[in-house]
Amino acid sequence: QVQLVESGGGLVQPGGSLRLSCAASGSIFSINPMGWYRQAPGKERELVARITWGGRTNYADSVKGRFTISRDNAKNTMYLQMNSLKPEDTALYYCNAEVVTMATMKLEDYWGQGTQVTVSS
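Along each chain, residue indices are assigned from 1 in the same order as the chain's sequence is written. A pLDDT threshold of at least 70 governs which residues receive local features in this predicted model, and a stricter bar of 80 or more applies before side-chain atom pairs are shown or counted, although totals over entire chains, interfaces and linings include all residues. Based on all heavy atoms of the structure, the side-chain values leave hydrogens and waters out of the count.

Focus: the nonpolar core
In these notes, a set of buried Ala, Val, Leu, Ile, Met, Phe, Trp, Tyr and Cys residues joined through side-chain atoms within 4.5 Å is what counts as a nonpolar core. Burial classes follow relative accessibility: with a 1.4 Å probe on protein chains only, a residue under 20% of its type's maximum area counts as buried, one over 50% as exposed, and anything between as partly exposed. Core analysis: the largest hydrophobic core is formed by 31 residues, its most contacted members being W36, L80, M82 and Y93. Every residue pair with non-hydrogen atoms within 4.5 Å of one another is taken to be in contact. Those residues in contact with Y93, other than ones at most four positions away along the chain, are E6, L20, W36, Y37, R38, V48, F67, L80, M82, G114, T115 and V117.

What follows is the structure, given as structure tokens:
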């Protein structure tokens, strides 16, 4: 089994910054794309940013220029640096990873439990 654990959420004022982390652990052979998604109350889950093993990234238009996704492959950890936060960034942020596990040697999709980000004065 594989576990994804997010951390770093919290309450921040508009214009502030937060850094989210997602640590993957368990029976991992390799991790392919990883991504951050978010879901605000009453809205569908949406992609925030995604990064390949090689470091290629893509972002939602709403966060381009403000958020930066990165990963440390040696630590099986992904990060999301969020700057210039806006109230509309308030959501539950989820970590996602496509993992090849030792047990099955097949690509499987995993999600974390989510970390709350609230942007409010």
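With respect to the sheet that holds strand β7 (residues 67–72)
Taken in spatial order, the four strands make up an open sheet running β1-β3-β8-β7, and their pairing is antiparallel. Edge positions in the sheet fall to β1 (2–7) and β7, since each of these pairs with one other strand and no more. Strand-to-strand twist of the sheet, defined as the mean angle between neighbouring strand axes without regard to direction, takes the value 15°. Pairs of strands are assigned from DSSP output, requiring at least two bridges between the strands. Secondary structure is summarised from DSSP: a helix means a run of H or I of at least four residues, a strand means a run of E of at least two, and numbering begins at the N terminus for each. Taken together, the six bridges between strand β3 (residues 18–26) and strand β8 (residues 77–82) define a ladder with antiparallel strand orientation. Residue pairing for β8: C22 is matched across the bridge by M78. Only C-alpha atoms enter the line fits that serve as axes; for helices the fit covers just the stretch in contact. Angles between N-to-C directions range over 0 to 180 degrees.

Side note on the state of the cysteines
A pair of sulfur atoms, both from cysteines and within 2.5 Å, is called a disulfide here. Tallied over the full model, the rule gives one disulfide. The partner cysteine of C22 in its disulfide is C95, sulfur to sulfur 1.9 Å. The disulfide joining C22 to C95 has a torsion of about -65° about its S-S bond and is therefore left-handed. Taken together, the residues span a long stretch of sequence, with C22 in strand β3 and C95 in strand β9 (residues 91–101) at a distance of 73 residues.

Let's talk about the side chain of S21
Take S21: it is sitting in strand β3. Ignoring sequence-local partners within four residues, the contact set of S21 consists of V5, E6, S7, W36, M78 and Y79.

Notes on the side chain of R50
Position of R50 relative to the elements: it lies in strand β5 (residues 46–51). The definition of a polar contact used here is a pair of N or O atoms within 3.5 Å, where within protein one atom must be able to donate a hydrogen and the other to accept one, and adjacent residues in sequence count solely through side-chain atom pairs. Within the local environment of R50, its side chain forms a polar contact with the side chain of E98, the two groups lying 2.7 Å apart.

Observations regarding the pairing of strand β11 (residues 115–119)
Regular strands have side chains that alternate between both faces of the sheet. Only one face of β11 is covered, namely the one carrying T115, V117 and V119; the face carrying Q116 and T118 has none of its residues buried. One ladder, built from three bridges, connects strand β2 (residues 10–12) with β11; its direction is parallel. When the bridges of β11 are listed, V12 appears paired with V119. Alignment of β9 against β11, held across three bridges, turns out to be antiparallel. Within β11, the residue paired with A91 across the bridge is V117.

Points about the pattern of salt bridges
When the charged atoms of two side chains with opposite charge come close together, those side chains can pair. In what follows, salt bridge is the name for a side-chain nitrogen of Lys or Arg lying within 4 Å of a carboxyl oxygen of Asp or Glu. Taken as a whole and judged by the stated rule, the model has five salt bridges. For R38, the salt bridge is made with E46, and the minimal N-O distance between the two is 2.7 Å. Here R38 and D89 are joined by a salt bridge, their closest N and O atoms 3.0 Å apart. With R38 in strand β4 (residues 28–39) and D89 in the loop between β8 and β9, this residue pair connects regions lying 51 residues apart in the sequence. Residue class for D89 comes out buried when judged on its relative accessible area of 1%. The structure contains a network of salt bridges with shared partners spanning R38, E46, R66 and D89.

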